[in-house]
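Understanding the architecture of this molecule
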Amino acid sequence: MSILTILEFPDERLRKKATPVKNIDNNLQTLITDMFETMYHSSGIGLAATQVNVHLQLLVIDTSEEKNTPLCLINPEIISKDGEFEYNEGCLSVPLSFEKIIRPGHIVVKGLDRNGEAIEIEANDLLSTCIQHEIDHLNGKLFVDYLSPLKRQRIKTKLEKRHRMAGE
Ligand code: GNR
Ligand code: NI
């Protein structure tokens, strides 16, 4: 098992569009295990492969309090969405920034689980928000893209300074 490095905004690699997973092989199982380990280690509730510089349609999530409900989705597709839910969103790729974002509060998503079995999930509120946030990553989109250009620029400047201080 390994903790993977998470890319941070404004890294251009976060803008790459993920391609569908074709082979659910041992390499992919190792990646999924490492993504769960990285997510739990970082106290995140979700992680998209894009964030660890793997541009495949793959995400992991655990929104449970007890951190005992892992969900892995391969090639996810939202098949319906409705309602509204507002949440103070954060992102492991945008450290130290939290902003209220309104998204559809009820979605149905389909995809494959880590064994390649077809699954369909109905999600509300936090889980719905988290799945949409992760699917956005797979499309090269970040929650800061929903903010005003001024707010986005302030976050960019803050993180660029932080990266310089860290000697990156
Ligand atoms: O840990 C995370 N918390 C979170 C809070 C509100 C909405 C989405 C998220 S996902 C985030 C982890 C992350 O960056 N996933 O891409
Ligand atoms: Ni994120």
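Here is a short report on the structure shown in this document.

**Here's the deal with the coordination of the nickel ion (ligand 2)**
For the nickel ion (ligand 2), the protein coordination sphere consists of C91 (SG), H133 (NE2) and H137 (NE2), at 2.1 to 2.3 Å. Along the chain, the residues that donate to the nickel ion (ligand 2) are spaced as C-x41-H-x3-H. Here H137 lies in helix α2 (residues 125–138) and C91 lies in strand β4 (residues 85–91), a separation of 46 residues in the sequence. H137 matches C91 in its accessibility class, with the two residues each being buried.

**Points about helix α3 (residues 149–165)**
Compared with an ideal rise of 1.5 Å per residue, which puts 17 residues at 24 Å, α3 spans 24 Å between its outermost C-alpha atoms and is within 8% of the ideal. Residue G167 follows α3 closely and has a positive phi angle near 75°.

**Here's the deal with the pattern of salt bridges**
Applying the stated rule across the entire model yields six salt bridges. Two residues, K151 and E99, come together in a salt bridge whose shortest N-O distance is 3.1 Å. Taken together, the residues span a long stretch of sequence, with K151 in helix α3 and E99 in strand β5 (residues 94–103) at a distance of 52 residues. A relative accessible area of 38% means that K151 is categorised as partly exposed. Between E160 and K156 there is a salt bridge, with the nearest N and O atoms lying 3.7 Å from each other. Here K156 and E160 lie together in helix α3, a separation of four residues that amounts to about one turn. Look at K156 and you get partly exposed, because its relative accessible area is 28%.

**Brief notes about the site of ligand 1**
Neighbouring ligand 1 are 13 residues, the closest being I45, Q51, L92, E134 and H137. Separating an oxygen atom of ligand 1 from a side-chain N or O atom of Q51 is a distance of 2.8 Å. Protein chains shield 92% of the accessible area of ligand 1, which is 380 Å² for the free molecule. More than half of the atoms of ligand 1 fall within 2 Å of the grid points belonging to the largest pocket. Counting residues per element, the ones that place at least two in the shell around ligand 1 are β4 and α2. Looking at the shell around ligand 1, its residues break down into four nonpolar, seven polar and two charged.

Criteria and thresholds
Here the residue numbers are simple positions, counted from 1 along each chain's written sequence. Following the order in which they are written, the chains are lettered starting with A and the ligands numbered starting with 1. Reporting of local features is limited, given that this is a predicted model, to residues whose pLDDT is at least 70; pairs of side-chain atoms are given and counted only at 80 or more, and all residues count toward the totals for whole chains, interfaces and linings. As a convention, hydrogens and water are excluded, and side-chain values are obtained from all of the structure's heavy atoms. In this analysis a donor is any N, O or S atom within 2.8 Å of a metal ion (3.2 Å for sodium, potassium and calcium), and since water is not included, sites may seem incomplete. Numbered from the N terminus, helices here are DSSP runs of H or I no shorter than four residues, and strands are runs of E no shorter than two. Burial classes follow relative accessibility: with a 1.4 Å probe on protein chains only, a residue under 20% of its type's maximum area counts as buried, one over 50% as exposed, and anything between as partly exposed. One less than the residue count of a helix, multiplied by 1.5 Å, gives the span that helix is expected to have. A side-chain nitrogen of Lys or Arg and a carboxyl oxygen of Asp or Glu constitute a salt bridge if their distance falls within 4 Å. A single heavy atom is enough: if one lies within 4 Å of a molecule or strand, its residue is considered near that molecule or strand. The term polar contact refers here to a pair of N or O atoms within 3.5 Å; inside protein, the definition further demands a hydrogen-donor-capable atom paired with an acceptor-capable atom, and it admits residues adjacent in sequence only when both atoms are side-chain atoms. Accessible surface area values rest on a Shrake-Rupley calculation with a 1.4 Å probe, where residue burial reflects the displayed protein chains alone. The pocket and cavity definitions rest on a 1 Å grid over protein atoms only: a 1.4 Å probe that fits but cannot leave marks a cavity, an open set with protein on both sides within 12 Å along at least five of seven lines marks a pocket, and residues lining either have an atom within 4 Å of a point. Cavity and pocket membership follows a simple rule, namely that a molecule belongs there if more than half of its atoms are within 2 Å of the grid points. As a working rule, the residues Ala, Val, Leu, Ile, Met, Phe, Trp, Tyr, Cys and Pro are called nonpolar, Asp, Glu, Lys and Arg charged, and the rest polar, with Gly in that last group.

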